[in-house]
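# Examining the three-dimensional arrangement
Given next are the chains, with one letter for each unit.
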Amino acid sequence: MNLRQLEYFVRVAELGSFTRASQALGVAQPALSRQVRALEVEARQSLLLRNGRGVSATAAGRLVLEHGRGILHQVERLAQELDRARGAPVGRIALGLPPTLSKLLAVPLIRAFREAMPAVGLSIAEGLSITMLGSIADGRLDLALVYNPIASPDLELHPLLEERLYLIERRGAADTGPRGEPVALAELAQRPLVIPSRPNALRMQVDSSLALHGLAPRIALETDGVNAILELVADGAGSAVLAGSTVRTLGDDPHFVSRPFVDPSLAVRVVLVSSARRPATPALRAAIALLCERIVDQLGDA
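A few points on the structure. Note on numbering: residues in each chain are counted from 1, in written sequence order. In keeping with the model being predicted, local features are shown solely for residues with a pLDDT of at least 70 and side-chain atom pairs are shown and tallied solely at 80 or more, while totals for entire chains, interfaces and linings include all residues. In computing side-chain values, all of the structure's heavy atoms are included and hydrogens and water are not.

## Focus on helix α7 (residues 201-211)
In an α-helix there are 3.6 residues to a turn, and that puts residues three or four apart on one side. Of all 11 residues that make up α7, eight are buried, and the element is covered over most of its length. Each residue is placed in one exposure class: buried if its accessible area under a 1.4 Å probe, protein chains only, is under 20% of its type's maximum, exposed if it is over 50%, and partly exposed if it falls in between. Numbering of helices and strands starts at the N terminus; helices are DSSP runs of H or I of at least 4 residues and strands are runs of E of at least 2. Residues of α7 that are buried include every one of A201, L202, R203, Q205, V206, D207, S209 and L210, and no others. Between two residues, a contact is recorded if the distance between any of their heavy atoms is within 4.5 Å. Structurally, α7 contributes buried residues whose contacts are with β5 (143-147), β6 (155-170), β8 (192-195), β9 (218-222), β10 (240-243) and β12 (267-275). Any pair of nitrogen or oxygen atoms within 3.5 Å is treated as a polar contact; in protein, a donor-acceptor pairing is required on top of that, and neighbouring residues in sequence qualify only through side-chain atoms on both sides. The backbone nitrogen of L202 lies 2.9 Å from a side-chain oxygen of the residue at the head of α7, namely N200.

Put into structure tokens, the structure is as follows:
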């Protein structure tokens, strides 16, 4: 087993096609097929199911794909470390963002990297907090922006700010604008909610905040997609609790009104997370400093 075989297999498995992988890698398809077949011989089992529409990974193939991504990422990190003698940070940083924040942050952060660290590439992936924390652990992500992470010896936490949560409701005839009157937290227990399932960080915050007052949420529907939540709210299925960054992306949408919580207010911690088990390269340290500054600037008034 060698890194070339692993790289070729990962690309074929991700793209689901030898033809597409050949084009992406710039490698002739017969040579690509030989390398993947050699890897299967080494593994002593089939890693791909071949059919007329392309290929899909077998159970063993999915295992190789999961570990292969992490191995290749670590090799890339090693190359970055060896390049640090060049002075300026170089390499690539893989950053995970929640879908709710990606709409606001992806373009400004990519622009900031190009301006401040032109030799450092930034790739962005979207995911739920719990999924991204797993990707930090196995090396597929260098950094992730998550809500309310639990302290762990495996993680380095870089707290940024608290983001306020809002009650999102379908706009009624009496509502004259996108921002409605504040609502007491205790009233949240009376609203039917369209809300993510546990262990989503916003859901856990709602549950724990109400529990402190001896209350429990009234769940109408559970769904983890923000767009689906908003569509259900607009359809009258219930109310939602979403972060200020989502409220900002809604703007003057005529379907919704957002109400801040009072007595007390409701918020989640936004934290940049990296691995405590791997040495930080110069590029990673520079990226952390840049991201902390720019994310606070972008979300400070959310």
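## Remarks on the packing of helix α1 (residues 3-15) against helix α3 (residues 29-43)
In this analysis, axes come from line fits to C-alpha atoms, helices being fitted only over the stretch in contact, and the angle between any two N-to-C directions falls in the range 0 to 180 degrees. Where α1 contacts α3, the axes come no closer than 9 Å and their chain directions differ by 105 degrees. The orientation of α1 relative to α3 falls into the category roughly perpendicular. Facing R4, Q5, Y8, F9 and V12 of α1, the residues of α3 in contact are L32, Q35, V36, A38 and L39. A per-class count over the contact of α1 with α3 returns seven nonpolar, two polar and one charged. Put simply, angles under 35 degrees are roughly parallel, angles over 145 are roughly antiparallel, angles from 65 to 115 are roughly perpendicular, and the rest are oblique. Residue type decides the class: Asp, Glu, Lys and Arg count as charged, Ala, Val, Leu, Ile, Met, Phe, Trp, Tyr, Cys and Pro as nonpolar, and the leftover types, Gly among them, as polar.

## A look at the pairing of strand β11 (residues 256-262)
Counting buried residues along β11, six of its seven residues qualify, which places the element largely inside the surrounding structure. Pairing of β6 with β11, which is carried by five bridges, proceeds in the antiparallel orientation. In the sheet register, R170 faces β11, and the bridge partner there is F256. Two strands pair if DSSP finds at least two bridges between them. Pairing of strand β7 (residues 183-184) with β11, which is carried by two bridges, proceeds in the parallel orientation. Bridged to A184 within β11 is V262.

## Observations concerning the nonpolar core
The definition of a nonpolar core used throughout is a set of buried Ala, Val, Leu, Ile, Met, Phe, Trp, Tyr and Cys residues joined through side-chain atoms within 4.5 Å. If you look at the biggest cluster of nonpolar residues, it comprises 43 residues, and the most contacted ones within it are I93, L105, F113, L143, L145, L188 and V241. Sort the elements by how many residues they give to this core and helix α10 (residues 282-299) lands first, with eight residues. Core analysis: the second largest hydrophobic core is formed by 19 residues, L6, V10, L25 and V27 among them.

## Details of helix α2 (residues 18-25)
Taken together, the buried positions of α2 are occupied by F18, A21, S22 and L25. Burial along α2 is one-sided: seen end-on, the buried residues are contained in an arc of 105 degrees. Residues of α2 that are buried in the fold lie against α1, α3, β1 (48-51) and β2 (54-57). Looking one or two residues past α2, G26 carries a phi angle of roughly 70 degrees, positive in sign. The directions from the helix axis to the C-beta atoms form the arc being described.

## A short note on unusual backbone geometry
Across residues other than glycine, the phi torsion is negative in most instances, and most of the peptide bonds are trans. Geometrically, the link from R198 to P199 is a cis peptide bond, its omega value of 10 degrees lying close to zero. Despite not being glycine, N148 shows a phi value in the positive range, around 50 degrees. Among the structural elements, N148 can be located in the loop between β5 and β6. Even without a glycine there, the phi angle at D263 is positive, about 55 degrees. For D263, the position within the fold is in the loop between β11 and β12.

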